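What follows is the residue order along each chain.
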Amino acid sequence: MAPLPPLSAIRVFEAVARNLSFSRAGEELGMSQAAVSYQIKVLEDRVGKLFHRRHRHIELTETGRLLAPGVREAFSQLSDTFARASAERTEILSMTVVPTFASQWLAPRIGAFQMSHPDIAVRVDATTTLEELGSGRFDIAIRAGPGGWPALQTTRLLPVQFTPMVSPAALERFGRLSTPSDLAGFPLIDPGDPWWDQWFAEVGVRRPLLPGRASTMGSQHLEAMAAMAGNGAAILTPFFFQTERAEGRLIAPFDHVARNGHFYWLCAPPGPVPRKVRLFAEWLLSALGVAGGDRDGSVA
C-alpha cells in the first residue's frame, strides 16, 4: 500500500473543498488561516495543485475535483465507524435542528445538558433540510412550521416572531429610523423574505420595491451577522438575539413584532420515547421556560 499523506492535511483539504473557503474551514477546524494554508501546501507538495486562488474565491483544480469525493466519503465512513464504536459505551442522541435555533440558542447551552447527563453524547446537525425521523439517522428534530404533522410526536416550543433589527453602524451609515416608513430608504438584508411583506403590511407601510438583484442569506444567523456589520436592516426573531441586543450590537428600532402562526417544535418519531429523548425534552422545556406546550403524542 502506498504511503498516505499526513491525515491532518487530508482532513484540512476535505474541509476547504467542502466550504470552498480557507477561512471557513479554519473556523470549522479551530485553526488559523495560515495553518490551513500550510496543511494544503503539505498535501499539494505530494499530489499537485488542488485549488485555483481567485481574487475573492477559490476553485478546485482537476486534481482537487478528483480527490474531494473520495476523501469526503472516507471521512464519512470513519465518522460512522467511530460513532458505532462509541455507541457501545455511550448513548448518542442525534438531532437535526434548524440553523438559527442551533447556533443562537442550543449551542451556547447544550453543555449544561451534557454535564447533567454525561452518559449521553449529543450530535447536532444544523440544517434546513427535512429528514425522515423514522429512518433511524436522527432521534429528534427541532423544526419551524405550523405543526399538525400526523406521522410525528411534537411538542410546541416557541412562536415564530419577527421584527426589523439594525446595528448602530447601519444607523450612522444610512440614517436614523424614527418610523417604519423610514425603512424605504434603508437597505434590507434578504429583501425577498416574506416576513418583510407581512411586517410592512401590519404596520401599514408600503414596503420598498425589491431591487433588481437581491442577496439571500438563507438563515437568520447569517442575516444578523450582515446586519451587525452595518450592511442594512435584517428581519429577525428577537428571542434568538437577546445577547446581541443587550450588548448593543443589534437594535430593534420599532415596537411591532409580527407573528405568522408558526412555531418551533420538538419532533420525534411515533412509538415509545427512549430515555435519552425524554431526558433531553425535559431539559429543553425547562431551559426554554416552556410549561409543556401543545403536544401531539408525548415527546417529554
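Definitions and limits used
Residues numbered from 1 in each chain as written. Predicted model: local features only at pLDDT ≥ 70, side-chain atom pairs only at ≥ 80, totals over all residues. Heavy atoms only, no water. UniProt positions renumbered as here; feature names shortened; annotations may be inferred. Phe/Tyr/Trp six-rings, centres within 6.5 Å; stacked < 30°, edge-to-face > 60°. Helix = DSSP H or I, 4+ residues; strand = E, 2+ residues; numbered from the N terminus. Buried < 20%, exposed > 50% of the residue type's maximum accessible area, 1.4 Å probe, protein only. Lys NZ or Arg CZ within 6 Å of the ring centre and 35° of its normal. Contact = heavy atoms within 4.5 Å. Arc of directions from axis to C-beta. Core = buried A, V, L, I, M, F, W, Y, C linked by side-chain atoms within 4.5 Å. 1 Å grid on protein atoms, 1.4 Å probe; cavity = no way out; pocket = protein on both sides within 12 Å on 5 of 7 lines; lining within 4 Å. Points joined across faces, edges and corners; volume = space filled by probe spheres on them.

In UniProt, the chain has this text filed under Sequence similarities (unreviewed entry): "Belongs to the LysR transcriptional regulatory family."

(A) Expanded view of the packing of aromatic side chains. Throughout the structure, instances matching the rule amount to 18 aromatic pairs. Aromatic side chains Phe162 and Trp195 sit 4.4 Å apart centroid to centroid with 10° between the ring planes, which places their arrangement in the stacked category. In this pair, Phe162 is assigned in strand S6 (residues 153–165) and Trp195 in helix H7 (residues 194–202), connecting sequence segments 33 residues apart. Look at Trp195 and you get buried, because its relative accessible area is 15%. Note on Phe239 and Phe240: the rings are 5.5 Å apart at their centroids and 75° apart in plane angle, and the pair reads as edge-to-face. Residue classification places Phe240 among the buried positions, given a relative accessible area of 3%. A cation sits over an aromatic face here: Arg11 above Phe75, 5.2 Å from the ring centre. Its end group placed over the ring of Phe263, Arg156 keeps NZ or CZ at 4.3 Å from the ring centre.

(B) Region of the structure containing the UniProt feature "domain: HTH lysR-type" (unreviewed entry) in the chain. Annotation from UniProt places "domain: HTH lysR-type" (unreviewed entry) at residues 5–61. Between the C-alpha atoms that bound residues 5–61 there is a distance of 18 Å. The span itself is 63% helix and 11% strand.

(C) Broad picture of the side chain of Thr127. Counting through the fold element by element, Thr127 comes out in the loop between strand S4 (120–126) and strand S5 (140–145). If we skip the residues at most four places from it in the chain, Thr127 touches Thr96, Val97, Val98, Pro99 and Arg143.

(D) Layout of helix H2 (residues 22–29). Buried within H2 we find Phe22, Ala25 and Gly26. On an axial view of H2, the arc spanned by its buried residues comes to 100°, and they lie on one face. Of the surrounding elements, those touching the buried residues of H2 are helix H1 (7–19), helix H3 (33–47), strand S1 (51–53) and strand S2 (58–60). Phi turns positive one or two residues past the end of H2, at Gly30, with a value near 70°.

(E) Here's a closer look at the nonpolar core. The biggest cluster of nonpolar side chains holds 56 residues, and the ones touching the most others in it are Phe101, Leu106, Phe113, Leu157, Leu183, Phe280 and Leu284. Take this core: its biggest share by element is eight residues, from helix H10 (residues 275–288). With sequence-adjacent residues up to four places away left out, Leu106 is seen in contact with Met95, Val97, Phe101, Val124, Phe280 and Trp283.

(F) Structural context of the layout of surface pockets. When its volume is computed, the largest pocket comes out at roughly 690 Å³. Forming the boundary of the largest pocket are 28 residues, of which Val98, Thr128, Arg143, Ala144 and Tyr264 lie nearest the centre. Of all the elements in the fold, those that place two or more residues in the lining of the largest pocket are helix H5 (99–116), S5, helix H8 (220–228) and strand S8 (258–268). Top contributing element to the lining of the largest pocket by residue count: S8, with four residues.

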